[in-house]
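# What the coordinates show
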Amino acid sequence: MVSLNDLADRPPVPLANGQVLKAGLIDVLHLAVTPIVLGQGENLWDDLRNIDLHYNAVSEGGENGVSHVTFTRRDPSDVGTS
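About the cut-offs
- Residues numbered from 1 in each chain as written.
- Predicted model: local features only at pLDDT ≥ 70, side-chain atom pairs only at ≥ 80, totals over all residues.
- Heavy atoms only, no water.
- Salt bridge = Lys/Arg side-chain N within 4 Å of Asp/Glu carboxyl O.
- Helix = DSSP H or I, 4+ residues; strand = E, 2+ residues; numbered from the N terminus.
- Buried < 20%, exposed > 50% of the residue type's maximum accessible area, 1.4 Å probe, protein only.
- Core = buried A, V, L, I, M, F, W, Y, C linked by side-chain atoms within 4.5 Å.

### Some details on the pattern of salt bridges
For the structure on display, the rule yields one salt bridge. Two residues, Arg 73 and Asp 27, come together in a salt bridge whose shortest N-O distance is 2.2 Å. Within this pair, whereas Arg 73 is found in strand S3 (residues 67–73), its partner Asp 27 is found in the loop between helix H2 (19–22) and strand S1 (28–33), the two being separated by 46 residues in sequence. By relative accessible area, which is 39% here, Arg 73 ends up partly exposed.

This is the structure:
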């Protein structure tokens, strides 16, 4: 098991391009998506084909325009089933 002290000296893990989702390193990811375009930065949604095979996604819209998306990793024995 890895402790937080063990991780303190390691560089941060980037969330760019959904790398941690594709690698299956996240059990649950909750995103609050605000409808604003800043014109630069990484696109989290690039190259996430077939992500639904490994994660269940639930999206809820708020009255303020913010969308809340929660990805929950599927049990490996459920992969390929809906």
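### Quick notes on the nonpolar core
Nonpolar side chains in soluble globular proteins tend to end up buried together. Core analysis: the largest hydrophobic core is formed by 10 residues, namely Val 20, Leu 21, Ile 26, Leu 29, Leu 31, Leu 48, Ile 51, Tyr 55, Val 69 and Phe 71. Elements represented by at least two residues in this core include exactly H2, S1 and S3.

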